[in-house]
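Summary of structural features
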Amino acid sequence: MTMTVGDFLVDRLSQWGVTRIFGYPGDGINGVFGALSRAQAKIEFIQARHEEMAAFMASAHAKFTGELGVCIATSGPGASHLITGLYDARMDHMPVLAIVGQQARAALGGHYQQELDLVSMFKDVAGAIVQQATVPSQVRHLVDRAVRTAVGERRVTAIILPNDLQEAAYEPPARAHGTVHSGVGYSKPRVVPYEADLQRAADVLNAGEKVAILVGAGALAATDEVIAVAEALGAGVAKALLGKAAVPDDLPWVTGSIGLLGTEPSYKLMTECDTLLMIGSGFPYSEFLPKEGQARGVQIDLQPDMLSLRYPMEVNLVGDAAETLAALLPLLTHKTQRKWRKKVEGWCASWEKTLEKRALAKAKPINPQRVVYELSPRLPDHAIITSDSGSCANWYARDLKIRRGMQCSLSGGLASMGAAVPYAIAAKFAQPQNTVIALVGDGAMQMNNMAELITVAKYWRQWQSPNWICAVFNNEDLNQVTWEQRVMEGDPKFKASQTIPDVPYHLFAISLGLKGIFVDREEDVAAAWGQALASDVPVLIEFKTDPDVPPLPPHIKLEQAKKFATTLLKGDPDEAGVIVQTAKQVLASVLPGGAKK
């Protein structure tokens, strides 16, 4: 049987180690789908409900496996729907390849149905490699370059295949002028700075008396090395959201998340340190880092364009986090003076008490912090947790405690709504034996995540374990934006834009054959988690949460307080509840007994 271009593409991807592709079919990509059908043993196809979700799944696959993520879509709208998920991968530096169809070569330029200028459309998100194939012999080097570039540079790449080309007989490149003869294979290099640069970094760190470390996604594979360096320097460690799993939260000097969604100890760590070591992080909010001139800085990153970008660093090291820290460690002087470390540990211990008081403060009907507070100690080993953007990300950032061996992620650089459920689906396919939990706001569920529950219903019986849980925070409000309007703009809640319908999410899950649990009493939250974690089918838990509980920043600035006061003077539709819940959360930080009534 003649090998088509589609057959060759599938075979070549298999040679590169691709075992799973996420996507949605259509006539513009039928030639490749025919090839996938003929080669089912080579590559598994996962059918999402929407191409955007497939691209999120490919991004998550890369995050949770370290492998290339691959998504596929038809021409026209199928291709355009991929864009948001691909930007998620691009902004979080994930290796993802998009394969998209195009109209027949003879029709291109003829204003044909579903004919878009796909090369131009993908040029920004997949600018490293985006090429449209024109002849069969070209496909080999397009695949090889796209995959090698994606995994080697941690970038998004795209291959565009006209539909008639997919079904054409494959021809290898001729031995002739003007042809390209590529091959398969990539080995990750060992990237370590020169000894002299390591020594310069060590000199800065050894001179510091109050060292702060900030870790991001680039440090996820360097847990032991980060801990060893922190112990040598007597440092505290803060975590950017994408680096939440880089070091476990049960270490007493780990201050937790940083930024608007961060913790008070992380804020203090940055405002009082005299030395900053940043590892594998592109954390964007410089106002939460030390003031310029306050601290000497050392940064480690694989990408030179991320160095000295958020803070003017004294020493910039291009290198793999684990390898560079391992090389740096022998050059560090073990600090015997532990006054700074003890101070950091004191902040952390005090903060844990504050978090508990805040989570247990009464709300109507449920305090959203309590949902994550009760989940955290019940998480099984090696659990994977995903979060959506929105107010639920606050509780994920602060109240969820990660232990060694767990994984977690969310849409970081793009901060897109709608990523949590497709992330969780991809995580379950990647590690089907582990418990996977998605924390999702009701806005994201209504936007696009409800449909992906159908994907769960379609595939869950294939999974090694059925333990997959979606927790929905139902507060009938686009809550993060509501609070941003109040605190950043000084505007009351705009009900026309912020209030969303009350949907029985748990009943929708039940209608699909999944387990649905509804919780509207705080005393039932813990039991609901226990029931879900023990279920023999995937579960959706709908928590009816209070939108008036404020996602307080780690430090309230005078300008924010003024804007909030202005909001109340203007008259907020939820003013009474907002005042009560804000008072409870603030008092939880300052009163010995908290604010539980």
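Residues numbered from 1 in each chain as written. Predicted model: local features only at pLDDT ≥ 70, side-chain atom pairs only at ≥ 80, totals over all residues. Heavy atoms only, no water.

Turning our attention to the overall build of the protein chain. Across its full length, the protein chain carries 23 helices and 18 strands. Here the C-alpha radius of gyration of the protein chain, 25 Å, is about what a compact globule of 597 residues would show, namely 25 Å. Oriented by its inertia axes, the alpha-carbon framework of the protein chain measures out at about 80 × 65 × 45 Å. Counting all 597 residues of the protein chain, 58% fall into the buried class. (Helix = DSSP H or I, 4+ residues; strand = E, 2+ residues; numbered from the N terminus. Rg over C-alpha atoms; globule rule 2.2 N^0.38 Å. Buried < 20%, exposed > 50% of the residue type's maximum accessible area, 1.4 Å probe, protein only.)

On to the sheet that holds strand β7 (residues 211-215), then. With respect to topology, 6 strands assemble into an open sheet ordered β9-β8-β7-β10-β11-β12, the strand pairing being parallel. What marks the edges here is a single partner per strand, and that holds for β9 (254-257) and β12 (315-318). On average, each strand axis in the sheet is inclined to that of its neighbour by 15 degrees, with strand direction left out of account. Two strands pair when backbone bridges link them, and strand β8 (residues 236-239) and β9 are joined in this way by 3 bridges, in the parallel orientation. Residue pairing in the sheet places lysine 239 in a bridge with serine 257 of β9. (Pairing = 2+ DSSP bridges. Axes fitted to C-alpha atoms, helices over the stretch in contact; angles between N-to-C directions.)

Moving on: the domain arrangement of the protein chain. Partitioning the protein chain into domains gives domain 1 (5-167), domain 2 (195-346) and domain 3 (361-583). The straight-line distance from the C-alpha centre of domain 1 to that of domain 3 is 32 Å. Across the boundary between the two partners, domain 1 contributes 24 residues, which contact 31 residues of domain 3. Of the roughly 2,000 Å² buried between domain 1 and domain 3 on both sides combined, carbon and sulfur atoms contribute 64%. (Domains from an automatic or database assignment. Contact = heavy atoms within 4.5 Å. Buried area = accessible area lost by both parts, 1.4 Å probe.)

Turning our eyes to something else, we now look at helix α15 (residues 392-399). Burial of α15 is extensive: 8 of the 8 residues sit out of reach of the surface. Of the residues making up α15, those classed as buried are Cys392, Ala393, Asn394, Trp395, Tyr396, Ala397, Arg398 and Asp399.

Residues annotated by UniProt as "domain: Thiamine pyrophosphate enzyme TPP-binding" (unreviewed entry) correspond here to residues 388-543. Across residues 388-543, helical content stands at 44% and strand content at 17%; the span's end C-alpha atoms are separated by 15 Å. (UniProt positions renumbered as here; feature names shortened; annotations may be inferred.)

Turning our attention to the UniProt feature "domain: Thiamine pyrophosphate enzyme N-terminal TPP-binding" (unreviewed entry) in the protein chain. The residues that UniProt annotates with the feature "domain: Thiamine pyrophosphate enzyme N-terminal TPP-binding" (unreviewed entry) are residues 3-121. Secondary structure within residues 3-121 divides into 45% helix and 17% strand; the distance between the first and last C-alpha atoms comes to 30 Å.

Core analysis: the largest hydrophobic core is formed by 62 residues, its most contacted members being Leu86, Phe122, Met445 and Trp468. Considering each element in turn, this core owes the most residues, 9 residues, to helix α3 (residues 51-65). Lining this core are residues from two domains, each supplying at least three of them: domain 1 (5-167) and domain 3 (361-583). Ignoring any residue separated from it by four or fewer positions in sequence, one finds phenylalanine 122 in contact with Ala79, Ile83, Leu86, Val100, Gly127, Val130 and Ala158. Grouped together as the second largest cluster of nonpolar side chains are 55 residues, Ala201, Ala219, Phe283 and Leu331 included. (Core = buried A, V, L, I, M, F, W, Y, C linked by side-chain atoms within 4.5 Å.)

Packing of α3 against helix α17 (residues 442-459) brings their axes to within 10 Å, and their N-to-C directions diverge by 80 degrees. Our classification of the angle between α3 and α17 gives roughly perpendicular. Residues Glu52, Met53 and Met57 of α3 form the contact with α17, whose own contacting residues are Asn448, Asn449 and Glu452. Its residues placed into classes, the contact of α3 with α17 shows 2 nonpolar, 2 polar and 2 charged. (Parallel < 35°, antiparallel > 145°, perpendicular 65-115°, else oblique. Nonpolar A, V, L, I, M, F, W, Y, C, P; charged D, E, K, R; others polar.)

By the element assignment, glutamate 452 lies in helix α17. It turns out glutamate 452 is buried and unbridged, and the closest side chain with the opposite charge, arginine 49, is 5.0 Å from it. One polar contact links the side chain of glutamate 452 to the main-chain amide nitrogen of arginine 49, over a distance of 2.9 Å. Once residues within four sequence positions are removed from consideration, glutamate 452 is found in contact with Ala48, Arg49, His50, Met53, Met57, Val421 and Ile425. (Lys, Arg positive; Asp, Glu negative; His and termini not counted. Salt bridge = Lys/Arg side-chain N within 4 Å of Asp/Glu carboxyl O. Polar contact = N/O pair within 3.5 Å; in protein donor to acceptor, adjacent residues only side chain to side chain.)

This brings us to helix α21 (residues 525-533). Every buried residue of α21 is accounted for by Val525, Ala526, Ala528, Trp529, Ala532 and Leu533. Burial along α21 is one-sided: seen end-on, the buried residues are contained in an arc of 160 degrees. (Arc of directions from axis to C-beta.)

Side-chain pairing between opposite charges can occur once the charged atoms of the two side chains come close. Tallying each qualifying case throughout the model produces 26 salt bridges. When the shortest N-O distance is used, the salt bridge between arginine 296 and glutamate 314 registers 2.7 Å. One end of the pair, arginine 296, is in strand β11 (residues 296-301); the other, glutamate 314, is in the loop between β11 and β12, and 18 residues separate them in sequence. The class of arginine 296 is partly exposed, set by a relative accessible area of 35%. We note a salt bridge from glutamate 374 to arginine 378, for which the minimum N-O separation is 3.1 Å. Overlapping salt bridges bring together Arg370, Glu374 and Arg378 as one network.

Further remarks concern the sheet that holds strand β5 (residues 129-132). Sheets are built from strands paired through backbone hydrogen bonds, the pairs being either parallel or antiparallel. Across the sheet, which stays open at both edges, the 6 strands sit in the order β2-β1-β3-β4-β6-β5 with parallel pairing between neighbours. Only two strands of the sheet have a single neighbouring strand rather than two, namely β2 (44-47) and β5. Taken over all neighbouring pairs, the strand axes of this sheet differ in orientation by 20 degrees on average, direction set aside. Sheet topology note: the strand β1 (residues 20-23)/strand β3 (residues 69-73) ladder contains 2 bridges and is parallel. Following the sheet pairing, glycine 23 is matched in β3 by isoleucine 72.

Turning to unusual backbone geometry, a few remarks are in order. The omega torsion across lysine 364 and proline 365 is -5 degrees, close enough to zero to call that bond cis. The topology assignment puts proline 365 in the loop between α13 (339-360) and α14 (368-375). Unusually for a residue other than glycine, serine 308 sits at a positive phi of about 55 degrees. Within the secondary structure, serine 308 sits in the loop between β11 and β12. Located in the positive-phi region is histidine 382, a residue other than glycine, with phi close to 65 degrees. Structurally, histidine 382 can be placed in the loop between α14 and β13 (384-387).

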